[in-house]
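One-letter residues, chain by chain:
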Amino acid sequence: MTETPKTPRNLVLVGHGMVGQRFLEAFAERGGCGPAGDWHVTVLAEEPRPAYDRVHLTSWFSGTTADELSMWDDEFGVQHGIDLRLGDPAEKIDRAARTVTARSGQVFPYDALVLATGSYPFVPPVPGHDAAGCFVYRTIEDLEAIRAAADNARIGAVVGGGLLGLEAAGALRAMGLDTHVVEFAPRLMALQVDEGGGAVLRDKIQELGVTVHTGAGTQTVETDADGAVRGMVLSNGATVDADLVVFSAGVRPRDQLARECGLPVGERGGIVVDASCRTEDPAVWAIGECALACDGRVYGLVAPGYAMAETAATQITVAEGEFTGADLSTKLKLLGVDVASFGDAQGTTEGSLEVLYANSREGVYKKLVIGTDGALLGGVLVGDTDSYDLLRPLALNGAPLTAPPEQLVLPSSIGAAPGPIALPDEAVVCSCHNVTKGAIRSAVADQGCADVPAVKKCTRAGTGCGSCVKLLGTLVGEELAAQGVEVSRGLCEHFTHTRAEIYEIVRVKGITTFAQLIDEHGRSGTGAEGCEVCKPVVGSVLASLSPALGDAVSGHILDGEQAALQDTNDHFLANLQRNGSYSVVPRIPGGEVTPDGLITIGEIARDFGLYTKITGGQRIDMFGASVDQLPAIWKRLVDAGFESGHAYGKSLRTVKSCVGQTWCRYGVQDSVALAIELELRYRGLRAPHKLKSAVSGCARECAEAQSKDFGIIATSAGWNLYVGGNGGMTPRHADLLLVDADRDALLRTIDRFLMFYVRTADRLERTAPWIERMEGGLDHLRAVIVDDSLGICDELDELMSRHVDSYEDEWRATLEDPDRLSRFVSFVNAPGTPDPTIRFVPEREQIRPADPEAHDTSDASAQTFVAGPSLEVRTLV
Amino acid sequence: MTTAVMNTKDTAGETTVVEVSVGERWFTVCAYDALVPGRGVAALVDGRQIALYRDRTGAVHAVGNRDPFSGAHVISRGLLGSRDGVPVVLSPMYKQAFDLRTGACLDEEEAPDGTPAALPVWPVRTTNAPVGSAS
């Protein structure tokens with residue numbers, strides 16, 4: 001392999017799953033293919049789509065698209081000359097001729113053959129296992145079929161209570177099915193957790209409404225006259241009614257191709273390979289779930305598969321590197337329950353000792369396995385996996401613990417909180433890409449990476465399963481601090497405080513003006529002007545707290561000194577557009593509007609010559625109003641019963657909804673009524689950033705609630721509350737906070753969530769990064785606003801109730817006050833004269849801004865006009 | 001170019017007004033009290049759009065109203081601030097800072113059309129005038 005021949009050699013990769021794709025990347029990185037490489041690569045893939053993230057397959061049910069799961073980039077293929085053949089699996093290998101025949105009949109010669117055929121789901125051969133309504137859980141196509149069937153199903157059963165089985169159960173439950181899990185072993189996730197952990201896990205899963213049957217096999221699948229599933233009989237005699245059955249009873253290596261061409265396979269399957277991932281035939285490699293590694297195991301996890309892919313890629317390019325075994329640690333969240341296991345979780349090492357903490361009331365179970373030398377060997381965590389990031393590398397490192405092990409399992413509220421436990425440099429932080437703490441430190445110290453994204457790019461750490469990203473953030477922060485990089489937390493040059501600190505100062509000291517705040521607490525002393533950063537922040541904090549501060553501070557954001565703090569949008573209660581005109585968005589709660597309301601909006605837009613467009617938040621935006629026109633437009637809207645939609649403010653925008661149970665044949669709750677109630681409750685609440693919400697009437701999620709700061713999805717028993725989602729530049733799905741809540745619990749929790757956010761978030765920090773930044777994350781948030789761990793819930797409730805009581809429409813209040821109205825003129829010395837430079841041209845039967853260049857020429861083109869084709873002139877008195 | 005005015009007290013029968021000098025003539029623009037501290041107004045003076053401000057110390061500033069980056073006449077709607085001790089106005093469109101004393105942009109040297117990114121600055125003063133003379 002060390003000499004480079006002149007003519008390109010052929011490499012055929014059979015299978016394009018995650019491991020196959022990782023092999024291609026590793027092979028390209030090592031120069032095997034691409035501009036400088038001397039290999040031509042052909043990939044024979046069975047599935048109709050390129051490699052995708054099978055680990056996160058379940059997220060497809062919660063809205064992640066197949067495109068988002070995809071791991072393939074066409075440009076990568078072109079750059080490296082990779083010939084990817086989808087839907088054309090290999091059917092025959094001729095080792096003597098060194099050729100592979102594909103289903104299409106085409107024959108591909110090879111100099112090196114890499115088998116990455118993965119595995120297939122094992123379906124127990126019980127009677128009825130192939131009836132209509134029986135599924136497996138492996139590909140996107142499987143999931144599509146399950147979802148289609150779930151539409152007409154009421155009860156679902158999952159055969160297999162392992163990791164994947166519980167994920168499948170979670171998906172069925174989320175689709176509104178009554179769900180059963182049937183597990184042959186005496187406990188759930190028997191491979192990963194021990195008896196105690198399994199018991200806690202079982203309780204937690206049952207709490208979520210999934211019925212668990214353990215120690216029970218499936219004897220038969222019962223069918224009705226049409227041959228469709230109607231239930232199962234279990235080995236313990238019990239029967240389970242079900243319209244849909246998902247088999248998730250483990251996988252088997254796909255080694256058929258290898259068997260047929262005479263390569264040795266293991267007794268229980270798996271293509272036999274050595275430490276370099278090579279089979280008996282020196283021209284053939286096997287990697288991932290189809291391979292039986294040299295330690296005698298078939299690995300069903302992605303990290304070992306990746307390690308094998310790297311080994312094979314290195315072997316083929318430079319003839320070094322070995323795979324001798326891998327870490328089987330797992331951490332996952334199942335139906336909202338945290339489960340993790342790492343290292344020697346079952347305590348099989350001779351002489352090992354256990355340190356155990358179990359609290360069945362809280363649903364927490366933690367076990368550490370300690371070796372005779374005091375080193376951490378492994379452990380099981382259920383219900384609280386916060387310490388996993390730290391414990392796993394400690395266990396892999398094998399060094400004796402520097403802290404008493406009980407400190408590592410006790411909750412921090414009991415006794416001393418665990419002090420910082422230093423990870424050694426050799427500790428592997430990212431096991432997907434085998435990146436050590438030392439490599440991460442070096443990326444910061446020697447290669448100038450200043451944040452987590454830079455370190456990810458440089459080291460690949462955190463780009464696999466992503467479970468180490470939190471630890472990565474801590475390590476990068478520590479290393480930056482060690483380098484003496486000071487990360488200033490102050491708001492701007494005028495305040496050394498964060499927004500949350502300013503909020504507390506204003507609240508505790510009862511400060512009512514910006515002047516008082518900057519004079520007493522600013523960096524530069526009395527009389528400072530402030531700036532575009534601190535002024536709107538203080539304006540927002542004063543507005544949020546105004547109901548609590550009482551009469552001393554006006555609630556209206558255009559009053560007195562507060563007027564000078566607002567960005568232009570808040571200042572004019574409208575949205576500034578590129579040519580200096582404004583747009584106006586009336587509130588349409590929940591997107592529900594009467595025909596008369598629509599006609600009114602249409603008439604106003606027509607009379608003022610405005611461009612109209614439906615927004616993404618189920619409302620109507622009217623563009624092209626001049627400053628002078630705003631009060632007249634509002635007057636017409638307010639007279640017709642509309643009010644400000646706060647499209648201009650860092651405040652609640654819209655609570656989107658689907659049509660819900662009232663009309664929709666799938667809806668299980670009245671999503672429109674709830675959306676309207678929420679929108680009216682939280683309208684006008686000033687926050688660190690805009691707030692968006694949505695309510696979906698069933699698990700089909702037509703309102704896209706999981707992409708909102710707070711989103712609600714109806715269940716047959718109540719409402720599920722999700723928090724911390726957003727669209728935009730870095731989209732994020734929201735996290736599940738409440739399950740099956742009733743209306744009161746839902747409102748109470750959202751009240752607290754919003755007020756806690758308003759109180760503690762940074763400037764322009766949306767709820768998603770706020771939760772991610774929070775120490776303890778979602779669990780901490782839940783502790784504060786559900787369990788009242790900080791004892792502040794009464795205060796948060798009181799603040800929200802004052803907000804709700806003191807709400808007034810800002811447009812109406814402006815119209816009623818001549819002082820406020822007086823600023824809505826284009827020119828202070830020529831009221832009534834509109835800005836002559838604001839010009840429009842027609843487009844698709846409406847107006848659009850004329851190009852700015854037209855403004856500077858003295859004779860604007862005949863096509864430009866200063867308002868719409870018709871203009872109603874009205875004056876306000 | 002700009003004139004600081006600290007005395008805002010009305011004398012009997014008179015009110016303080018703001019005047020801007022354009023083309024060697026002084027134009028009365030508005031009553032001093034019409035300016036909210038920290039905020040601006042736009043005025044049409046001799047066919048030009050001028051943005052007027054009063055800052056927290058009471059000083060008055062006058063600059064051109066056209067934002068060189070967007071071409072829109074919106075500078076008067078920006079926030080006043082200070083950056084490294086320099087009094088500035090922030091364009092409400094894309095938030096560039098302009099030095100109120102010189103009109104120079106502190107963030108970028110050139111506007112997208114290749115012209116220097118600066119606002120014209122006008123001499124401004126306050127005087128006492130009989131009530132009603134300010135429009």
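Residues numbered from 1 in each chain as written. Chains lettered and ligands numbered in written order. Predicted model: local features only at pLDDT ≥ 70, side-chain atom pairs only at ≥ 80, totals over all residues. Heavy atoms only, no water.

An unreviewed UniProt entry annotates chain B as NAD(P)H-dependent nitrite reductase small subunit originating from Streptomyces candidus.

Labelled according to an unreviewed UniProt entry, chain A appears under the name assimilatory sulfite reductase (ferredoxin), originating from Streptomyces candidus. Under the UniProt heading Function (unreviewed entry), the entry covering chain A gives this text: "Catalyzes the reduction of sulfite to sulfide, a step in the biosynthesis of sulfur-containing amino acids and cofactors." Per its UniProt entry, chain A bears the Sequence similarities (unreviewed entry) comment "Belongs to the nitrite and sulfite reductase 4Fe-4S domain family." (UniProt positions renumbered as here; feature names shortened; annotations may be inferred.)

The next thing to look at is the overall build of chain B. Across its full length, chain B holds 0 helices and 9 strands. When the helices and strands of chain B are read in sequence order from the N terminus, they spell out β-β-β-β-β-β-β-β-β. Scored against the burial criterion, the 135 residues of chain B give a buried share of 56%. Taking contacts inside chain B between residues at least 6 apart in sequence as the whole, the part at least 24 apart equals 45%. Element-wise, carbon and sulfur atoms account for 51% of the exposed surface of chain B, whose accessible area totals about 5700 Å². (Helix = DSSP H or I, 4+ residues; strand = E, 2+ residues; numbered from the N terminus. Buried < 20%, exposed > 50% of the residue type's maximum accessible area, 1.4 Å probe, protein only. Contact = heavy atoms within 4.5 Å. Areas by Shrake-Rupley, 256 points an atom, 1.4 Å probe, with all protein chains shown as cover.)

This next bit is on the UniProt feature "binding site: siroheme" (unreviewed entry) in chain A. Residues and elements named next belong to chain A. UniProt's feature table lists "binding site: siroheme" (unreviewed entry) at Cys702, given in the numbering used throughout. Among the secondary structure elements, Cys702 is positioned in the loop between β33 (691-696) and β34 (710-715). Judged by relative accessible area, which is 58%, Cys702 ranks as exposed. In this view, Cys702 contacts Cys658 and Ser696; residues no more than four positions away in its chain are not counted.

Now for the sheet that holds strand β15 (residues 239-241) of chain A. Residues and elements named next belong to chain A. In space, the 3 strands of this open sheet follow the order β13-β14-β15, with antiparallel pairing throughout. In this open sheet, the two strands that pair with only one neighbour each are β13 (218-223) and β15. Adjacent strand axes in the sheet meet at a mean angle of 20°, parallel and antiparallel pairs treated alike. With 3 bridges joining them, strand β14 (residues 229-234) and β15 adopt antiparallel strand pairing. The residue of β15 that forms the bridge with Gly231 is Asp241. (Pairing = 2+ DSSP bridges. Axes fitted to C-alpha atoms, helices over the stretch in contact; angles between N-to-C directions.)

The next point concerns the environment of Val43 of chain A. Relative to the helices and strands, Val43 of chain A is located in strand β2 (residues 39-44). As a C-alpha pair, Val43 of chain A and Leu11 of chain A span 32 residues in sequence and 8.6 Å in three-dimensional space.

Below, the discussion takes up the pattern of salt bridges. Residues and elements named next belong to chain A. Per the stated rule, a full pass over the model turns up 56 salt bridges over all chains. In this structure, Glu677 engages Arg743 in a salt bridge whose closest nitrogen and oxygen atoms are separated by 2.5 Å. Of this pair, Glu677 sits in helix α20 (residues 671-682) while Arg743 sits in helix α21 (residues 743-760), and the two are 66 residues apart along the sequence. The exposure class assigned to Glu677 is partly exposed, which follows from its relative accessible area of 28%. Taking the shortest distance from any N to any O, the salt bridge between Asp744 and Arg743 comes out at 2.5 Å. Accessibility expressed as a relative area gives 47% for Asp744, which makes it partly exposed. For Arg743, a relative accessible area of 38% translates into the label partly exposed. Among the charged side chains, a salt-bridge network with shared partners connects Arg22, Glu25, Glu29, Arg30, Glu310 and Arg460. (Salt bridge = Lys/Arg side-chain N within 4 Å of Asp/Glu carboxyl O.)

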